[in-house]
Amino acid sequence: MTMTIKNQPITINGITVQPGEQQVIDLPVAKLYTHISLNIPVQVICGKRPGPRLFISAAIHGDELNGVEIVRRLFTTSALKSLRGTLVVIPVVNVFGIIHHSRYLPDRRDLNRSFPGSSRGSLAARLAHIFLQEIVSQCNYGIDLHTGALNRSNLPQIRANLDDPETKMLAEAFSVPVLLNSNLRDGSLRQAADEHGVKVLLYEAGEALRFDELSIRAGVRGIISVMRKLAMLPAAKKSSKQQEPFIARSSSWERAPESGLLRSMASLGSRVNKGDILGIISDPSNLFDPVEHDVKAGYSGIIIGTSNIPLVNEGDALFHIARFEDIKEAAASVDAFQSTAERSPNPGFDDQALI
């Protein structure tokens with residue numbers, strides 16, 4: 001008689017979820033000065049069969065909303081019924097920030113620069129500490145969902161330590177056209193997770209305080225693709241040809257040479273060559289004798305981030321350009337990705353496209 005190996009239970013905040021169960025666990029963070037308690041809602045699905053433990057976190061910055069919608073749509077897909085291993089999803093990590101539409105915590109600290117945190121430290125340190133101990137340290141892998149900052153948009157991209165072979169494999173599986181080899185930053189979730197042996201992908205797409213449909217669709221598809229690569233979900237019934245992602249080993253922002261009003265000439269995902277005019281800054285104070293300043297590309301590459309507000313000050317970051325060894329092929333991959341995503345059905349309502 002063949003014995004079926006069961007998955008291991010997982011315990012968060014003293015609550016144990018057994019194989020085959022799913023549960024919402026409130027992770028207590030702190031009390032407001034109004035004596036109202038704030039909790040981080042944690043959604044746990046413990047599959048019957050063994051497999052990796054994967055956490056997916058969204059809204060570590062309270063104004064980054066795309067990830068919240070991505071995980072909501074993820075939970076509407078029937079693919080999760082076949083889960084192996086354990087999925088731990090935190091739709092809103094920074095509950096303080098999302099209440100106030102703010103990137104930061106009430107103590108003005110950036111949660112993603114406060115890891116590993118401390119049980120006796122600042123509010124940000126305490127939140128980081130409990131999140132690391134209760135969630136991250138119990139998992140094998142993680143996907144952290146982000147957007148651009150306020151008034152900035154990011155092309156869908158994965159940032160990760162691509163020098164690690166397994167991390168690179170998972171980044172490629174996410175199936176976005178741009179992979180950015182990103183060093184670990186002090187105090188970041190990725191750095192703290194790495195010290196616990198947890199491999200994390202950071203998905204950047206869209207703009208703060210906005211839903212971006214293309215970015216959301218790509219995020220849902222990317223997560224399911226990674227889960228398939230980890231054998232947490234069965235392989236797709238229909239194999240589809242995926243665009244080869246391209247690795248950018250460096251990137252930098254082109255900044256405003258002067259203050260004024262910006263007229264953008266280049267869009268997100270555009271291929272640019274060194275010397276191309278990306279935008280024009282004009283001085284609105286003298287319409288009889290207007291003075292204009294060109295914003296030029298300092299090198300060739302693809303625009304993976306843009307500023308969306310036309311009011312600029314000298315030194316403002318305006319266009320984020322990533323460098324690639326083969327710019328032409330990378331640009332073609334970006335074009336194909338955007339075209340496919342625009343034509344594809346909404347995975348939140350047609351999960352057959354994901355199974």
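Everything discussed here concerns the structure shown above.
Our subject in this report is the structure included herewith. This is a predicted model, so every value here is computed, not measured.

**What to know about a negative patch on the surface**
A grouping of E172, E244, E325, D326 and E329 is seen on the molecular surface, where their side chains present a negatively charged patch. Locating E325 in the fold gives a position in the loop between β19 (317-323) and α7 (327-343). Look at E325 and you get exposed, because its relative accessible area is 87%.

**Side note on the pattern of salt bridges**
As enumerated under the stated definition, the model contains ten salt bridges in all. The salt bridge involving E69 is made with R72; its shortest N-O contact spans 2.8 Å. Of this pair, E69 and R72 both sit in helix α1 (residues 66-74), three residues apart, which is roughly one turn of the helix. Close ionic contact of R109 with D107 constitutes a salt bridge, the shortest N to O distance being 3.6 Å. For D107, a relative accessible area of 23% puts it in the partly exposed group.

**Here we look at the sheet that holds strand β13 (residues 260-264)**
Taken together, the four strands give an open sheet; going across it, the order is β16-β15-β13-β18, and neighbouring strands pair in antiparallel fashion. Strand pairing shows two members of the sheet lacking a second neighbour, β16 (292-296) and β18 (311-312), which therefore form its edges. Two strands pair when backbone bridges link them, and β13 and β18 are joined in this way by two bridges, in the antiparallel orientation. From the neighbouring strand, L261 faces β18, where its bridge partner is L311.

**Let's talk about helix α6 (residues 213-229)**
Residues lying three or four places apart along an α-helix face the same way, a consequence of the helix completing one turn every 3.6 residues. Spanning 17 residues, α6 covers 24 Å between terminal C-alpha atoms, matching the ideal 24 Å at 1.5 Å per step. Taken across its 17 residues, α6 has 13 buried, putting it largely inside the fold. Just downstream of α6 lies A231, where phi reads positive at about 65°.

What counts and what doesn't
Residues numbered from 1 in each chain as written. Predicted model: local features only at pLDDT ≥ 70, side-chain atom pairs only at ≥ 80, totals over all residues. Heavy atoms only, no water. Patch = residues over 30% accessible without salt bridge, like charges linked within 9 Å, V, L, I, M, F, W, Y side chains within 5 Å. Areas by Shrake-Rupley, 256 points an atom, 1.4 Å probe, with all protein chains shown as cover. Salt bridge = Lys/Arg side-chain N within 4 Å of Asp/Glu carboxyl O. Lys, Arg positive; Asp, Glu negative; His and termini not counted. Charge placed at Lys NZ, Arg CZ, Asp CG, Glu CD. Helix = DSSP H or I, 4+ residues; strand = E, 2+ residues; numbered from the N terminus. Buried < 20%, exposed > 50% of the residue type's maximum accessible area, 1.4 Å probe, protein only. Pairing = 2+ DSSP bridges. Expected span 1.5 Å × (residues − 1).

Worth remembering: the numbers are spatial, not functional.
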